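# Chain and residue survey
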Amino acid sequence: MDRGKPLKHNRLNDLHSKEWIKFQKSWFIHRPARRQSAVLLHPAKFPEELIAEFITFFTKQGQAVLDPMAGTGSALIAALQTGRRAYGVELQDKYADSARERLQKLSDELDDPPEHRLETANAANIADLDFPEIDYCITSPPYWDMLHRKGFDTQQERREDDSLDVHYSDDEADLGNIEDYHHFLDNLTHIYRKVAELLREQAYMTVIVKNIKKGGTIYPLAWDLAGRMSEFLTLKDEKIWCQDDLRLGPYGMGYAWVSNTMHHYCLNFRKE
Ligand SMILES: C[S@@+](CC[C@H](N)C(=O)[O-])C[C@H]1O[C@@H](n2cnc3c(N)ncnc32)[C@H](O)[C@@H]1O
């Protein structure tokens, strides 16, 4: 691929001109590759290739990337693959163990593997985990308690297979188990505030999230989060991740406008 010209004074990343400009589009379509069995257990894993594009835009080689709700470790894997140091927190051992196994395997294959560390912990306690200063955070929270809802569009096929999780856990500290929307938002914002304290000045943080429909009501989680996080980080433009590989449901057919929500917001913030 023609990368374009190297940039003379590039303080943000190691990209060349054409790569930089390609990332500036405010939306993208991503079709994830089929998942391997080691990471199939988790109900909401993100594709490493997608995360790698964000990491290579928002950091230089050798810098430190954090995911405070790491799941099966997509962000950490993408960080190592692109030569960045990888740090993470995940509440559930079952996901963290699988992530650590994948990280170690990848690290063993690399000539000069960057440091990586994934802790099993509640991200609310991230300040006690002794992480270094972070150059970029990319993460995605539980989408409130939506995985508990029968018929949640992305979970239907998984319910037919008993061996796969359809929600993360029954743990009280799991944000996905909080029923009250505002309580959920308060707890999530509290964690992100702690994460922001670990970021160096001028570092970016990307949160991948969706607005939510529940019982006929729209809960604008992405927009509410953008507002709440603006109390401690500066909101920059979002990128919209469009999905065109999901099954369409005939919601509201014949009587009302109910969309098939096939996009996520990648909300970009900066510590300024
Ligand atoms: C949307 S998933 C993240 C998926 C991840 N990006 C991946 O690709 O595998 C959200 C994760 O947050 C974790 N989680 C929920 N509450 C948490 C908490 N208080 N501290 C840390 N992790 C938490 C869940 O166990 C779940 O794995």
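Heads up: these notes are all about the structure in this document. (Residues numbered from 1 in each chain as written. Predicted model: local features only at pLDDT ≥ 70, side-chain atom pairs only at ≥ 80, totals over all residues. Heavy atoms only, no water.)

## Considering the environment of E101
Formally: Per the convention used, a helix needs a DSSP run of H or I reaching at least four residues, while a strand needs a run of E reaching at least two, with both numbered from the N terminus. Residue exposure (1.4 Å probe, protein chains only): buried if accessible area is under 20% of the type maximum, exposed if over 50%, otherwise partly exposed.
When you line up the elements, E101 lands in helix α4 (residues 93–109). With a relative accessible area of 62%, E101 lands in the exposed category. When the C-alpha positions of E101 and G73 are compared, they lie 9.8 Å apart, and in sequence the two are 28 residues distant.

## Side note on helix α3 (residues 74–81)
For the α-helix, the turn length of 3.6 residues means that residues three or four positions removed from each other point alike. Within α3, seven of the eight residues are buried, which leaves the element mostly enclosed by the surrounding structure. Three or more residues of α3 are buried, namely S74, A75, L76, I77, A78, A79 and L80. G83 occupies a position one or two residues after α3 and carries a positive phi of about 80 degrees.

## Focus on the packing of α3 against α4
To be explicit about the condition: A fitted line through C-alpha atoms represents every axis, and for helices the fit uses only the stretch in contact; the resulting angles, taken between N-to-C directions, go from 0 to 180 degrees. Roughly parallel here means an angle under 35 degrees, roughly antiparallel means over 145, roughly perpendicular means 65 to 115, and every remaining angle is called oblique. When checking whether two residues touch, look at their non-hydrogen atoms; a contact exists if any pair is within 4.5 Å. Residues are grouped as follows: nonpolar covers Ala, Val, Leu, Ile, Met, Phe, Trp, Tyr, Cys and Pro; charged covers Asp, Glu, Lys and Arg; every other residue, Gly included, is treated as polar.
Direction vectors running N to C along α3 and α4 enclose 5 degrees, while the axes themselves pass 10 Å from each other. Between α3 and α4, the angle is such that the two are roughly parallel. Along its contact with α3, which presents S74, L76, I77, L80 and Q81, the element α4 presents R102, L103, L106 and S107. When grouped by side-chain class, the residues that make up the contact of α3 with α4 number five nonpolar, three polar and one charged.

## Concerning the pattern of salt bridges
Just so we agree on the cut-off: Here, a salt bridge means any side-chain nitrogen of Lys or Arg that lies within 4 Å of a carboxyl oxygen of Asp or Glu.
Considering all chains together, one arrives at 15 salt bridges under this definition. Note that R100 and D93 form a salt bridge whose closest N and O atoms lie 3.6 Å from each other. Note that D145 is salt-bridged to K214, the shortest N-O span being 3.0 Å. Taken as a pair, D145 in the loop between β5 (134–139) and α5 (156–159) and K214 in strand β7 (residues 212–214) lie far apart in primary sequence, 69 residues in all. A single network of salt bridges, built from pairs that share partners, joins D14, K60 and R84.

## Some points on the side chain of K239
Rule in force here: Charge counting follows a simple rule: Lys and Arg are positive, Asp and Glu are negative, and His as well as the terminal groups are ignored. Whenever two N or O atoms come within 3.5 Å, that pair is a polar contact, provided that in protein one can donate a hydrogen and the other can accept it, and provided that, for residues adjacent in sequence, both atoms are side-chain atoms.
In this structure, K239 sits in strand β9 (residues 234–242). For K239, which is buried and forms no salt bridge, the nearest opposite charge comes from E53, at a distance of 6.2 Å. A polar contact is formed between the side chain of K239 and the backbone oxygen of F23, at a distance of 2.5 Å. Dropping the residues within four chain positions of it, K239 is found in contact with F23, K25, S26, F28, F54, H264, Y265, C266 and N268.

## Here's the deal with the packing of helix α2 (residues 48–58) against α3
This is how it is decided: A clockwise turn of the near helix away from the far one marks a right-handed crossing, whereas an anticlockwise turn of less than a right angle marks a left-handed crossing.
At a minimum axis distance of 8 Å, the contact between α2 and α3 shows a crossing angle of 60 degrees. Between α2 and α3, the crossing angle belongs to the class labelled oblique. The element α2 and its partner α3 pack so that their crossing is right-handed. Listed contacts from α3 to E48, I51, A52 and I55 of α2 are S74, A75, I77, A78, A79 and Q81. Taken together, the residues of the contact of α2 with α3 break down into seven nonpolar, two polar and one charged.

## Description of the nonpolar core
Selection rule: Here, nonpolar core means buried Ala, Val, Leu, Ile, Met, Phe, Trp, Tyr and Cys residues that are tied together by side-chain atoms lying within 4.5 Å of each other.
Counting residues in hydrophobic clusters, the biggest one holds 74 residues, and the most contacted among them are I51, F54, I138, Y192, M205, I208 and M229. No other element matches helix α6 (residues 181–198), which puts nine residues into this core. Not counting residues up to four positions away in its chain, the partners in contact with Y192 are T139, S140, P141, M205, V207, L225, M229 and F232.

## Focus: the environment of V65
Within the element layout of this structure, V65 appears in strand β2 (residues 64–67). V65 sits in the buried class, given a relative accessible area of 2%. A sequence separation of 23 residues divides V65 from G88, and the C-alpha atoms of the two residues are 8.3 Å apart. Discounting residues that sit within four places of it in the chain, V65 has contacts with I55, T59, A79, R84, R85, A86, Y87, Y136 and I138.

## Let's talk about the packing of aromatic side chains
Inclusion rule: What counts as a ring pair is set by centres within 6.5 Å for rings of Phe, Tyr and Trp (its six-membered ring), and what kind of pair is set by the plane angle: stacked under 30 degrees, edge-to-face over 60, tilted for all other angles. Comment: the charge-over-ring label is applied if NZ (Lys) or CZ (Arg) is within 6 Å of the ring centre and within 35 degrees of the ring normal.
Enumeration according to the criterion identifies 15 aromatic pairs in this entry. Summarising the aromatic geometry, the rings of F23 and F57 are spaced 4.5 Å apart at their centres and angled 15 degrees between planes, so their arrangement reads as stacked. Separated by 34 residues along the polypeptide, F23 in helix α1 (residues 17–23) and F57 in helix α2 bring together distant segments of the chain. The burial state of F23 is the same as that of F57; both residues are buried. Ring geometry for F23 versus F58: centroids 5.8 Å apart, planes at 85 degrees, classification edge-to-face. Remark: F58 occurs in helix α2 and F23 occurs in helix α1; sequence separation between them is 35 residues. Members of the aromatic cluster, connected to one another through ring pairs, are W20, F23, F28, F54, F57, F58, Y136 and Y204. Just above the ring of W27 sits the side chain of K25; from NZ or CZ to the centre is 4.3 Å. Sitting over the face of the ring of F23, K239 holds its NZ or CZ atom 4.0 Å from the ring centroid.

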